[in-house]
Amino acid sequence: ILNYEAAVRTVELNVRKLFYNLLYTKEYLNLLQRNMDTAKQRYNLNKDKYNRGQLSELDLFSSQYNYESMIPTFESAQISYDNSIASFKQTLGIAQNVEIELSGNLEDYDFIEEITIDTAIDEIPSVKAIQAQIDSAKNQLLATRFTAWGPSISLSYSYGKQNSLPIMGSWSTTGNALGVSVSIPLDGYLPWSTGALSVAAQKATLKDLQLQLENQKTTAEISIQNSAKSIMQAQSQLDLRIKNVELAQKTYDMTLNAYNHGSRDLLTLQNAADSLMSAKINLMQQKFTLISAVLDLENTLGIPFGTLGTK
């Protein structure tokens, strides 16, 4: 049962990670599309300025290159997204010719400010798995001990009749017999016997499992503590990246306004646009990283997915 539950949770974990990865890739595609549309509009405007003699040929070619260089990046991201969709369908058992539409975005995750772990260490799946092995080993050891050292009891009963006068059809009872025998195996008491060696081997296995259990409890405690700290640190980094996007957006808006009034060149504007795009991509990556870390912690704790982070 534990192996089945672990397999089910592993599948669910993978599906959830694939889903949020698809949301991240989809938002990344949308961001590339918007930037590409903006670059194309800027290129068209620059062509008009160039035709009116208000822009140099170098600036025109620069804006053209900036737009056209975005196309391969977008196409590569689209191929990656299509491949991820195909893997997602395969994992869910959906035919490849069936169209699916994702509902939601990375903002659906309500990131927490503090993590409180209420799960007892004995309820951690990795700990429960070893405990189940210990219980099984104890039962097996008990059965082996009974086989090696336990007495065996056998019962027998006989009942008989004898025809003493065949002509008259008369029968006489020969007697009833009830027998009870008890045998105690001596083989198990010999240190070098098969039974004794089997008991010793299973006792060693049980002791090893008990040591594994204590080690796993310690490992689980350390892992959970480190995961919680890492999530809190990732949350702080997320807050910084949100502020970085806000700063990059303001810088771009001011640079665009200055460019339209002729006080900034095209290269400065493109650098501001690249910085804004990089800040947005880093923010989305941080969101996905944080979601994955929360899912991993929930899987380690064995609690329902979404307990620690979703709205």
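Our structure's up above, just so we're on the same page.
Residues numbered from 1 in each chain as written. Predicted model: local features only at pLDDT ≥ 70, side-chain atom pairs only at ≥ 80, totals over all residues. Heavy atoms only, no water.

## Quick word on the overall build of the chain
Logical step 1: What the chain contains, in helices and strands, is six helices and two strands.
Logical step 2: Along the chain, helices (α) and strands (β) appear in the sequence α-α-α-α-β-β-α-α when read from the amino end.
Logical step 3: Nonlocal contacts in the chain, meaning residues at least 24 apart in sequence, comprise 74% of its contacts between residues at least 6 apart.
Logical step 4: Accessible area of the chain: about 19,600 Å², with a carbon and sulfur share of 54%. (Helix = DSSP H or I, 4+ residues; strand = E, 2+ residues; numbered from the N terminus. Contact = heavy atoms within 4.5 Å. Areas by Shrake-Rupley, 256 points an atom, 1.4 Å probe, with all protein chains shown as cover.)

## Let's talk about the nonpolar core
Logical step 1: Ranked by internal contacts, the top residues of the largest apolar core, which has 33 residues, are Ile124, Ile134, Ile231, Leu297, Leu301 and Leu308.
Logical step 2: Elements with a contribution of two residues or more to this core: helix H4 (125–149), helix H5 (194–260) and helix H6 (266–301).
Logical step 3: Tallying contributions element by element places H5 first for this core, with 13 residues. (Core = buried A, V, L, I, M, F, W, Y, C linked by side-chain atoms within 4.5 Å. Buried < 20%, exposed > 50% of the residue type's maximum accessible area, 1.4 Å probe, protein only.)

## Here's the deal with the packing of helix H2 (residues 57–68) against helix H3 (residues 70–92)
A pair of packed helices is captured by two measures, namely the crossing angle of their axes and the spacing between those axes.
Logical step 1: The contact between H2 and H3 brings their axes to 4 Å, and the two run at 5°. If you check the angle between H2 and H3, you find them roughly parallel. Taking contact as the criterion, the partners of Asn66, Tyr67 and Glu68 in H2 are, on H3, Met70, Ile71 and Pro72. (Axes fitted to C-alpha atoms, helices over the stretch in contact; angles between N-to-C directions. Parallel < 35°, antiparallel > 145°, perpendicular 65-115°, else oblique.)

## Examining the environment of Asp135
Logical step 1: By secondary structure assignment, the location of Asp135 is in helix H4.
Logical step 2: Here the alpha-carbon distance between Asp135 and Leu206, two residues 71 residues apart in the chain, equals 9.1 Å.

## A word on the environment of Thr144
Logical step 1: Looking at the element boundaries, Thr144 is found in helix H4.
Logical step 2: Here Thr144 falls in the buried class, since its relative accessible area comes to 14%.
Logical step 3: Sequence-wise, Thr144 and Val199 are 55 residues apart; in three dimensions their C-alpha atoms are separated by 6.3 Å.
Logical step 4: When near neighbours in sequence (up to four residues on either side) are disregarded, Thr144 contacts Ser198, Val199 and Gln202.

## Overview of the side chain of Arg9
Logical step 1: Looking at where Arg9 falls in the secondary structure, it is placed in helix H1 (residues 2–51).
Logical step 2: We note that Arg9 is buried and unpaired, the nearest opposite charge coming from Glu12 at a distance of 5.6 Å.
Logical step 3: Of the polar contacts made by the side chain of Arg9, one reaches the backbone oxygen of Ile303; its length is 3.0 Å.
Logical step 4: Leaving out residues up to four positions away in the same chain, Arg9 has contacts with Glu298, Asn299, Gly302, Ile303, Pro304 and Phe305. (Lys, Arg positive; Asp, Glu negative; His and termini not counted. Salt bridge = Lys/Arg side-chain N within 4 Å of Asp/Glu carboxyl O. Polar contact = N/O pair within 3.5 Å; in protein donor to acceptor, adjacent residues only side chain to side chain.)

## Quick look at the pattern of salt bridges
Logical step 1: Across all of its chains, the model carries four salt bridges by this definition.
Logical step 2: Across the salt bridge formed by Arg16 and Glu12, the nearest N and O atoms sit 3.2 Å from each other. Here Arg16 and its partner Glu12 are both found in helix H1, four residues apart, which amounts to about one turn of the helix.
Logical step 3: Using a relative accessible area of 25% as the deciding quantity, one classes Arg16 as partly exposed.
Logical step 4: For Glu12, a relative accessible area of 31% corresponds to the partly exposed category.

## Description of H3
Logical step 1: For H3, built from 23 residues, the straight-helix expectation of 33 Å at 1.5 Å per residue is met to within 8% by its first-to-last C-alpha distance of 33 Å.
Logical step 2: Taken as a whole, H3 has its buried residues at Met70, Phe74, Ala77, Tyr81, Ser84, Ile85, Phe88 and Lys89.
Logical step 3: Positioned one or two residues after H3, Gly93 has a phi angle of 75°, which is positive. (Expected span 1.5 Å × (residues − 1).)

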